[in-house]
Amino acid sequence: MDKSMLGDLESLPEEDKIRMSAMIDQLQIRDSLRMYNTLVERCFSDCVDTFRRKSLDKQEETCVRRCAEKFLKHSMRVGMRFAELNQGAPTPD
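Let us look at the structure shown here. Computed from a predicted model, the values in this text were never measured in an experiment. (Residues numbered from 1 in each chain as written. Predicted model: local features only at pLDDT ≥ 70, side-chain atom pairs only at ≥ 80, totals over all residues. Heavy atoms only, no water.)

Overview of the overall build of the protein
A tally of regular secondary structure across the protein gives two helices and zero strands. Split into buried and exposed, the 93 residues of the protein put 13% on the buried side. Considering only intrachain contacts with a sequence separation of at least 6, the fraction spanning at least 24 residues in the protein is 34%. A total accessible area of about 8200 Å² is found for the protein, and carbon and sulfur atoms account for 57% of it. (Helix = DSSP H or I, 4+ residues; strand = E, 2+ residues; numbered from the N terminus. Buried < 20%, exposed > 50% of the residue type's maximum accessible area, 1.4 Å probe, protein only. Contact = heavy atoms within 4.5 Å. Areas by Shrake-Rupley, 256 points an atom, 1.4 Å probe, with all protein chains shown as cover.)

So this is what it looks like as structure tokens:
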């Protein structure tokens, strides 16, 4: 976990810092799994039409690859934009 995420939590007792760190780690894992599941669900429903065979045909494979690339690029761009906005936000004092 990134230490900068703890911010003003440095004044907490060590036990509470450890608990907060574990909670943040769990949230990050949950968000990663949610993003992965959304990617799989969206690309599968957009690209796979039939179950003619157990492997994807060339057209489906190309569609899934493009869909995944677009999804990941979009997610990265949204994350970068969020970070830009977050850096410019005034800090509460």
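Read on, since the account is not over.
Side note on the packing of helix α1 (residues 14-47) against helix α2 (residues 58-88)
For the pair α1 and α2, the least separation of the axes is 9 Å and the interaxial angle reads 145 degrees. Viewed along their axes, α1 and α2 form a crossing whose handedness is right-handed. On α2, the residues touching Met35, Thr38, Leu39, Arg42, Cys43, Asp46 and Cys47 of α1 are Glu60, Cys63, Val64, Cys67, Ala68, Phe71, Leu72 and Ser75. In the contact of α1 with α2, the residues fall into 10 nonpolar, two polar and three charged. (Axes fitted to C-alpha atoms, helices over the stretch in contact; angles between N-to-C directions. Left-handed = near helix turned anticlockwise from the far one by under 90°. Nonpolar A, V, L, I, M, F, W, Y, C, P; charged D, E, K, R; others polar.)

Digging into the side chain of Glu60
Within the secondary structure layout, Glu60 lies in helix α2. Although Glu60 lies buried, it forms no salt bridge, and the closest oppositely charged side chain, Arg52, sits 4.2 Å away as judged by the N-O distance. Not counting residues within four places of it along the chain, the set of residues in contact with Glu60 comprises Cys47, Val48, Asp49, Thr50 and Arg52. (Lys, Arg positive; Asp, Glu negative; His and termini not counted. Salt bridge = Lys/Arg side-chain N within 4 Å of Asp/Glu carboxyl O.)

Thoughts on the state of the cysteines
If you walk through the whole model with that rule in mind, you get two disulfides. Here Cys43 is linked by a disulfide to Cys67, with a sulfur-sulfur distance of 2.1 Å. Between Cys43 and Cys67, the disulfide has an S-S torsion of -85 degrees and is therefore left-handed. In this pair, Cys43 is assigned in helix α1 and Cys67 in helix α2, connecting sequence segments 24 residues apart. (Disulfide = S-S within 2.5 Å.)

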